[in-house]
Amino acid sequence: MARRLGSPLLPQKIGALIRGPSLEKTNRISRMKDSDLVKLARPAPRSHHYSDSLIPQQPRITELKLIRYITIICLVSYCGYLAMKSHLIYSCLSANDSYGGWITIAMVMFAGSLVLLAIAIMMNKRGLYLLALPGSALAYAQFPMIQITQLAHYGHSAIGDMLLGDFVGIPACLLMMLFPNWWWFATMLMTTSLVVTLHDNQLPFWHMSDFDAALYSTLISGPVLFMVYSGIHTSRQTDAAIFQSAQANMTFLRSQSFSELESYFTSRIHDKVLPTLNSAAAGLTPVTDVPRINIMDVTQADTMSVGNFITTLRDSVAESTKITIHAVADLTMPLPFKTAMALIDAVAEASHNSVQHAPQATRELTISWNGTVMNIVFRDSGPGFRIDKVSHNHAGVKITMLKRPQIYNGVSVSLTSTPEQGTRYEITWNVTDTVAAPEGSKEQQNMLLYQVQKLGFDRLFRPWVAAYALAIFTFDVMPYDHTGQWHVLIISMGLVAGALWSLTDRSQLRLPWRNTIILIVCVSALMTIGQFSHYPQPPQLQRYGWFVSYSVVLAMYLALRLRPGVAWAMWVGFAVITYVAESWLGLDLLASASSIIACIPLLIPATIVPLQLNWVAKSLPTLQRVDSNAYLEPDLQRYTSEMTKWLHSLLQLVDDPTVAKLMELRLRDAIRSPLLDVPELTAAVWRARAAGSRVTLIDDRSPTCADPEEQSKIIANTTEALAKNPHTLTLRLLPAGRDRYASLRWN
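Notes on the structure in this doc start here. Because the structure is predicted, anything quoted here is derived from the model rather than measured.

### Quick notes on the pairing of strand E9 (residues 728-733)
Thinking step 1. Only one face of E9 is buried, namely the one carrying Leu729, Leu731 and Leu733, since none of Thr728, Thr730 and Arg732 on the opposite face is buried.
Thinking step 2. Note: strand E8 (residues 694-699) against E9, 6 bridges, orientation parallel. In the strand pairing of E9, Val695 is matched with Leu729.
Thinking step 3. Handedness of the E8-helix H25 (residues 708-722)-E9 crossover: left-handed.

Encoded structure:
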């Protein structure tokens with residue numbers, strides 16, 4: 001009787017009277033313990049129960065790497081700053097005024113903050129950075145606070161000689177890493193500008209020149225702070241996106257690995273366990289051999305050489321098979337062991353089927369190997385068959401020959417057969433194929449890598465930023481006395497504008513050579529015109545002359561655009577030419593070689609940025625190379641252990657030929673019908689078969705999931721029918737999309 005979707009099952013007898021169970025089988029059932037029946041009915045472990053777990057959330061690896069590198073740079077800069085200002089620091093500590101205690105406490109705090117920074121760098125833990133970075137900035141902030149307080153109290157301060165503004169960018173960068181957002185960027189930019197105005201050892205913005213100094217400082221600190229902001233912000237996004245990509249890759253690898261392992265067990269049961277049970281049921285094998293079946297008879301080797309693979313493959317077919325080998329490449333090349341064994345088992349199954357169904361046919365095995373592709377063809381001249389009519393019970397064809405080999409990457413199989421024209425089975429294995437990542441992940445990773453490498457370049461070097469820099473240049477230099485030198489100012493403005501324009505090309509991450517040459521020409525011309533200009537009142541408010549100040553800013557920008565070598569060569573070249581012109585040629589130049597050399601520290605942070613880019617880019621594979629063994633191997637081992645224990649627990653129940661036959665049917669059901677491997681149904685089927693019923697379970701729905709409501713109904717109805725000891729019963733789960741969920745026929 002067929003049960004339609006959602007319709008009740010009406011018990012009905014069809015045909016002859018139900019045959020009663022034999023006395024021997026009835027006694028067998030009655031003697032089976034409840035605990036044994038529970039073991040018997042326990043469903044086989046399924047791979048999907050293990051392959052859905054995700055990788056635990058990882059720390060922000062890319063962000064932590066970037067924070068560590070920037071912190072190292074800041075710590076080294078701090079130490080260099082202390083070394084250069086050591087005599088001034090000693091003078092401040094020796095000063096006998098009412099602020100001596102505060103200065104001493106500030107020095108101790110600062111030294112302690114450096115130690116804490118070093119510990120945070122070594123440990124590289126986010127919690128330590130949250131403590132060390134603001135602690136260092138707070139310790140540094142004590143000095144400008146002391147200076148402002150002394151200026152307000154005394155009108156002067158010894159700390160002013162330390163030129164705190166030269167290194168105010170260090171604590172600003174440290175704090176910027178903790179709060180990568182726009183409002184904090186603006187706050188840090190204003191803070192650095194405020195500290196820079198203390199250079200004249202007067203209260204901030206006490207003179208108009210303070211505004212010039214504050215605006216000029218934004219040209220130096222602004223790009224560096226913006227890159228730190230953009231770098232941390234982008235690295236956080238990258239960590240999240242790369243982690244999602246790693247999750248997708250791991251899900252794919254888990255699914256593939258568990259499918260591979262499940263296919264191995266299925267083939268192992270079919271090829272090793274079922275024949276032994278069948279032989280024991282026929283009395284050809286002692287029943288005592290059944291519990292001793294070596295279920296995991298697999299070598300621990302990871303690879304097999306091509307030569308061994310071909311030899312084993314040749315030995316797996318019948319002796320009457322004609323074997324042709326075309327091996328024109330290295331036979332010592334290692335091959336993945338599991339893939340090789342799957343192919344050997346598949347060819348052995350094809351040979352076994354040929355001998356069994358066409359004993360008089362001629363058979364031929366052809367093996368071709370060219371170094372990258374292994375092609376295997378097995379054919380016979382037997383009667384052939386229709387592949388679409390292969391019995392559902394024929395796991396050898398469906399699993400060992402067709403499904404299992406294609407679990408492995410690079411393997412494709414083809415089975416063709418026509419009645420009266422023989423059978424042809426072909427395997428093609430591209431051994432160079434690697435595990436494929438989910439679609440689109442490679443493109444996503446490339447995109448993310450580009451995002452990290454940019455670190456804000458696409459937003460920093462824009463035309464409006466160039467216009468802002470040019471406006472600051474104009475505002476800064478216009479107040480000077482340009483009597484007789486207006487042509488110098490106009491030409492210099494044009495040169496600065498040309499250099500800034502060359503930096504706005506964002507077509508490439510690294511500044512193109514054409515724009516690099518334009519910038520070099522503009523800066524060289526600016527330095528030359530400035531050196532030979534003779535102002536009646538040289539602009540001493542800018543330490544080395546305005547043309548030197550803006551030339552070094554442009555050189556710094558060149559280094560930021562990933563041309564640090566060119567920037568250094570250009571600036572050192574200016575210093576060398578100036579020295580030669582002054583010392584050997586006796587020329588009267590406005591800026592000395594030493595003043596040009598003194599500007600080099602501004603190039604250091606701009607030079608380190610390209611190194612940071614490289615380090616951050618290298619950190620991306622850290623997440624992409626998430627150690628799959630850490631998350632995959634334990635579950636694979638657990639599945640293997642539970643599957644092995646499950647099989648052993650069933651085989652231990654086999655103690656006579658009758659039970660061996662019933663166990664063979666039980667395991668065939670587990671292989672063929674995973675959705676019907678349900679404890680109550682399994683127990684009912686076992687009892688019915690022991691009583692003489694012929695029960696067939698067919699699962700055409702897998703791998704689609706079961707419908708919970710319909711599944712429970714059909715299991716209950718089938719269990720009820722089996723309790724009536726039918727002569728025959730066939731339960732079939734229909735493919736998804738049919739108007740019925742299942743059909744049940746019994747009589």
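### Here we look at empty space enclosed by the protein
Thinking step 1. Enumeration according to the criterion identifies 3 cavities of 30 Å³ or more in this entry.
Thinking step 2. For the largest cavity, the calculated volume is near 80 Å³.
Thinking step 3. As for the largest cavity, its lining consists of Leu662, Arg666, Asp669, Ala670, Leu676, Asp677, Leu681, Thr682, Val685, Trp686, Arg689 and Leu697.
Thinking step 4. Counting only elements with at least two residues in the lining of the largest cavity, the list comes to helix H23 (657-672) and helix H24 (679-690).
Thinking step 5. Counting residues per element, the lining of the largest cavity draws most heavily on H24, at 5 residues.
Thinking step 6. Within the lining of the largest cavity, the residues separate by chemical class into 7 nonpolar, 1 polar and 4 charged.

### What about the nonpolar core?
Thinking step 1. Grouped together as the largest cluster of nonpolar side chains are 101 residues, with contacts concentrated most on Tyr557 and Trp571.
Thinking step 2. Look past the residues within four positions of Tyr557 in its chain and what remains in contact with it is Leu219, Pro223, Phe461, Leu500 and Leu503.
Thinking step 3. Listed in part, the 36 residues of the second largest apolar core include Leu40, Leu653, Met663 and Ala690.

### Here's the deal with helix H16 (residues 486-503)
Thinking step 1. With 18 residues, H16 extends 26 Å between its outermost C-alpha atoms, agreeing within 8% with the 26 Å of an ideal straight helix rising 1.5 Å per residue.
Thinking step 2. Taken residue by residue, H16 has Val488, Leu489, Ser492, Leu495, Val496, Gly498, Ala499, Leu500, Ser502 and Leu503 as its buried positions.
Thinking step 3. Along its buried surface, H16 packs onto helix H15 (463-477), helix H17 (513-532) and helix H18 (546-560).

About the thresholds
Residues numbered from 1 in each chain as written. Predicted model: local features only at pLDDT ≥ 70, side-chain atom pairs only at ≥ 80, totals over all residues. Heavy atoms only, no water. Buried < 20%, exposed > 50% of the residue type's maximum accessible area, 1.4 Å probe, protein only. Helix = DSSP H or I, 4+ residues; strand = E, 2+ residues; numbered from the N terminus. Pairing = 2+ DSSP bridges. Right-handed = clockwise from strand over helix to strand, strands pointing away. 1 Å grid on protein atoms, 1.4 Å probe; cavity = no way out; pocket = protein on both sides within 12 Å on 5 of 7 lines; lining within 4 Å. Points joined across faces, edges and corners; volume = space filled by probe spheres on them. Nonpolar A, V, L, I, M, F, W, Y, C, P; charged D, E, K, R; others polar. Core = buried A, V, L, I, M, F, W, Y, C linked by side-chain atoms within 4.5 Å. Contact = heavy atoms within 4.5 Å. Expected span 1.5 Å × (residues − 1).

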